[in-house]
Amino acid sequence: MARRYWLETLGCPKNQVDSDKLAGQLAADGYRPAAAVAEADLVVVNTCAFIDEARRESLETVESLASQRRAGAELVVTGCLAERTGSRLRQEHPEIDRVAGFGEPIALGPTRRGRRRSLQVAGGGPVPRLDLLNMPRPPASAPWAYVKIAEGCDRRCGYCAIPSFRGPQRSRSPESILAEIEALGAREIVLVAQDLASYGRDGGGGERRLVPLVEAARELVPWVRLLYLYPSDLTDELVAAILATGVAYFDLSLQHASRPLLRRMRRWGDGERFAARIAEIRRAAPDAAFRSNFIVGYPGETEEDHDALLAFVAEAELDWVGVFAYSEEQGTYSADLDGQVPKPLVAERMAELRELCDEITERRRRRLVGSTATVLVDRPGRARSHREAPEIDGLVEVPDDLATGSFATVEIIGAAGVDLMAAPLVAAGSGGAR
């Protein structure tokens, strides 16, 4: 009888790709998915460790699954938290049976036990091989799928610890990415990486290769979406390539709008530059959607900095915004900065920013009522247009009889918060939206 596993995934879409690869590895090792935690022989938690809140959620999940597993089931923790804390994690949490860093096998057989698949780089830190990235994965279980095109990051943003445990950027070959896209069988592919627009720059010569990859990908699937673009890399060529996919969606890593604070974050740009670029894209594509994230309470953030962020958000009218409190991460540049912002003030600023962002999002959603859109049906009654990234943004409610995986032309007939209601005009069927 096949052994069964339960795989819990936390964090960003990049972690979801890792979990898909782990599922493929487990299937190759003879495991099958369990219907519930209590039925699993192996319980795996793919953790996140980007900020303190994510680490707390990861540990809470580990404790919860440990209490649900059946007697004799093994609990393995992998992912960012495992890589970042190593053996200390198991020492502090005895309910964990094993900690597996990046590139380590999850299911240990006699020939695998104790084998570490990683490289050492200057500085002494482990860098996982690309075996996880390039491993096969099961076909997509939904009409869309994330595809990770690179691992690691070469930037040194002041607040970010990712390079310390994900390593430097390592881009996959275009051939391996396109082969994975074909094998997934999805209608929409979402390209992800820590620094997406720098894809290929690490391959020698410093040449970015994202635009040719996007062009090749859109020959294989109807929709190609890009997540996590550094604003200074949003070239005219890249903008044109994104618009040509039919998914005019721009997920920009802005983080703030105050020029002095952004420099303190070791980042490029300012609100004036960001707003000008967004306005330029909207002139070329009025229906383009924009998403970004902002950090509140970074050391040294003043009232003037906060006001600059509010002014930018009001002017840019981004469709979707994530707001995060600054999290001090050990080993980062910002951990040693002065000017810590009191937590009550951070909470006050976050509430003010979120209220403004929510108001803008709901207003922009209401403006869509009466318009038409092409949507991809994710499951009965639930669809998305180019404006909504899967699992992140709102959705479009459609009649249950629209086939999952089909494209349909709909009229937006209502809005409720972040979600829209729509009625079909013309069903494009399984071959639409090319």
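Details of the structure are given in the entry above.
Residues numbered from 1 in each chain as written. Predicted model: local features only at pLDDT ≥ 70, side-chain atom pairs only at ≥ 80, totals over all residues. Heavy atoms only, no water.

Section: the sheet that holds strand E12 (residues 223–226)
- Pairing in this open sheet of 3 strands is parallel, and the strands run E8-E11-E12 from one edge to the other. At either end of the open sheet lies a strand with only one pairing partner, and these are strand E8 (144–148) and E12. The mean inter-strand angle of the sheet, taken between neighbouring strand axes irrespective of direction, is 25°.
- Relative to strand E11 (residues 188–192), E8 runs parallel, the two being bridged by 5 bridges. By the bridge assignment for E11, Ala145 is matched with Ile189.
- On the sheet, helix H7 (residues 174–184) packs against E8 and E11 and is oriented at approximately 160° with respect to E8. (Pairing = 2+ DSSP bridges. Helix = DSSP H or I, 4+ residues; strand = E, 2+ residues; numbered from the N terminus. Axes fitted to C-alpha atoms, helices over the stretch in contact; angles between N-to-C directions. Contact = heavy atoms within 4.5 Å.)

A word on the packing of helix H8 (residues 210–217) against helix H9 (residues 236–244)
- Contact geometry of H8 with H9 gives a least axis separation of 10 Å together with a crossing angle of 10°. When the axis of H8 is compared with that of H9, the two are roughly parallel. Residues Leu210, Val211 and Val214 of H8 touch H9, and the partners they reach there are Glu237, Leu238 and Ala241.
- Across the contact of H8 with H9, the residue classes break down as 5 nonpolar, no polar and 1 charged. (Parallel < 35°, antiparallel > 145°, perpendicular 65-115°, else oblique. Nonpolar A, V, L, I, M, F, W, Y, C, P; charged D, E, K, R; others polar.)

A word on the nonpolar core
- Membership of the largest hydrophobic core comes to 67 residues, with the highest contact counts inside it found for Ile149, Leu191, Leu210, Leu229 and Phe312.
- The element that contributes the greatest number of residues to this core is helix H13 (residues 343–367), accounting for 6 residues.
- Beyond its immediate chain neighbours, meaning those up to four positions away, Leu210 contacts Ile149, Leu196, Ala197, Tyr199, Leu226, Leu229 and Leu238.
- Formed by 21 residues, the second largest nonpolar core is a distinct cluster that contains Ala49, Leu65, Cys80 and Ile162. (Core = buried A, V, L, I, M, F, W, Y, C linked by side-chain atoms within 4.5 Å. Buried < 20%, exposed > 50% of the residue type's maximum accessible area, 1.4 Å probe, protein only.)

Side note on the pattern of salt bridges
- Following the criterion strictly, the structure yields 36 salt bridges and no others.
- Linking Glu329 and Arg55 is a salt bridge whose minimum nitrogen-to-oxygen distance equals 2.6 Å. With Glu329 in the loop between strand E15 (320–325) and H13 and Arg55 in helix H2 (residues 52–68), this residue pair connects regions lying 274 residues apart in the sequence. In this pair, the class of Glu329 matches that of Arg55, namely buried.
- Between Arg155 and Asp195 there is a salt bridge; the shortest N-O distance is 2.8 Å. One end of the pair, Arg155, is in the loop between strand E9 (150–151) and helix H6 (162–166); the other, Asp195, is in the loop between E11 and H8, and 40 residues separate them in sequence. (Salt bridge = Lys/Arg side-chain N within 4 Å of Asp/Glu carboxyl O.)

So, the packing of helix H11 (residues 271–284) against helix H12 (residues 303–316)
- At a minimum axis distance of 10 Å, the contact between H11 and H12 shows a crossing angle of 5°. Accordingly, the angle class assigned to the pair H11 and H12 is roughly parallel. Residues Gly271, Phe274, Ala275, Ile278 and Arg282 of H11 lie in contact with H12, whose contacting residues are Phe312, Glu315 and Ala316.

A word on the pairing of E12
- Burial of the side chains of E12 extends over both faces: Trp223 and Arg225 are buried on one face and Val224 and Leu226 on the other.
- Two elements, E11 and E12, share 4 bridges in a ladder whose sense is parallel. Bridged to Glu188 within E12 is Trp223.

Section: the side chain of Ser58
- Of note, Ser58 is situated in helix H2.
- Taking relative accessible area as the criterion, Ser58 reaches 0% and is therefore assigned buried.
- Beyond its immediate chain neighbours, meaning those up to four positions away, Ser58 contacts Leu10, Thr47, Cys48 and Leu81.

Quick look at H2
- Compared with an ideal rise of 1.5 Å per residue, which puts 17 residues at 24 Å, H2 spans 25 Å between its outermost C-alpha atoms and is within 8% of the ideal.
- Within H2, burial applies to Ala54, Arg55, Ser58, Thr61, Val62, Leu65 and Ala66. With its buried residues spanning 130° around the axis, H2 presents them on a single face. Opposite the buried face of H2, at more than 90 degrees from it, the exposed residues are Glu53, Glu60 and Ser67. (Expected span 1.5 Å × (residues − 1). Arc of directions from axis to C-beta.)

No statement about biological role is implied by the geometric values presented.
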